[in-house]
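Residue-level structure breakdown
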Amino acid sequence: MKVFGREPVYILAFIAVALKLSSAYGLDVTSEQQGAIMAVLSLVVAVIAALVLRTGAAGAAIVNLAQGALALFLAFGLEMSAEQQAMWMALVEGAVALVLHREVTAPVSALPIEQSSPVRPAPPQSV
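Described below are features of the structure shown in this document. (Residues numbered from 1 in each chain as written. Predicted model: local features only at pLDDT ≥ 70, side-chain atom pairs only at ≥ 80, totals over all residues. Heavy atoms only, no water.)

Moving on to the packing of helix H2 (residues 31-53) against helix H3 (residues 58-75). Two elements in contact, H2 and H3, have axes whose closest approach is 9 Å; the angle formed by their N-to-C orientations is 165°. Classified by the angle their axes make, H2 and H3 are roughly antiparallel. Crossing of H2 against H3: the hand is left-handed. Along its contact with H2, which presents Glu32, Gln33, Ala36, Ile37, Val40, Leu43, Val44, Ala46, Val47, Ala50 and Leu51, the element H3 presents Ala58, Ala61, Ile62, Asn64, Leu65, Gly68, Ala69, Ala71, Leu72 and Ala75. Of the residues belonging to the contact of H2 with H3, the class tally is 17 nonpolar, three polar and one charged. (Axes fitted to C-alpha atoms, helices over the stretch in contact; angles between N-to-C directions. Helix = DSSP H or I, 4+ residues; strand = E, 2+ residues; numbered from the N terminus. Parallel < 35°, antiparallel > 145°, perpendicular 65-115°, else oblique. Left-handed = near helix turned anticlockwise from the far one by under 90°. Contact = heavy atoms within 4.5 Å. Nonpolar A, V, L, I, M, F, W, Y, C, P; charged D, E, K, R; others polar.)

Below, the discussion takes up the packing of H3 against helix H4 (residues 82-100). Two elements in contact, H3 and H4, have axes separated by 10 Å at closest approach and are oriented at 155°. One way to sum up the angle between H3 and H4 is to call them roughly antiparallel. H3 and H4 meet at a crossing whose hand is right-handed. Residues Ala58, Gly59, Ile62, Val63, Ala66, Gln67, Leu70 and Leu74 of H3 touch H4, and the partners they reach there are Gln85, Met89, Val92, Glu93, Val96 and Leu100.

Another point: the nonpolar core. Val47, Ala50, Ala58, Ala61, Val63, Ala66, Leu70, Met89, Val96 and Leu100 together form the largest nonpolar core, which totals ten residues. Put simply, the parts of the chain that give this core at least two residues each are H2, H3 and H4. Among the elements that take part in this core, H3 stands out by supplying five residues, more than any other. If we skip the residues at most four places from it in the chain, Val63 touches Met89, Glu93 and Val96. (Core = buried A, V, L, I, M, F, W, Y, C linked by side-chain atoms within 4.5 Å. Buried < 20%, exposed > 50% of the residue type's maximum accessible area, 1.4 Å probe, protein only.)

Right under this line is the structure:
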């Protein structure tokens, strides 16, 4: 897979080096913030890969991106309780489930029991 005609790993490596170099010359970001930025960028690449490669993993990639974005905001000083974080993630997961539910299929074949009911209706009784 290529993004902008380049492998995503090389793009991420370039951004990491540029970020470290910028912080050495005055950009005010801590090493924790740099790590959070790189984690979110990696998750963005994962979402792009899931959508482009059509692996069916888009939902998981989007939820992971949301978790990474939340971690990024927290690293930059967002004050949020654990309950609030959980509620935001529940909203994201619910939205992903709502949008992607009908488009996801299991990677395994259906079992015969999944195609019919194990509870058969009783035959009609004559009175």
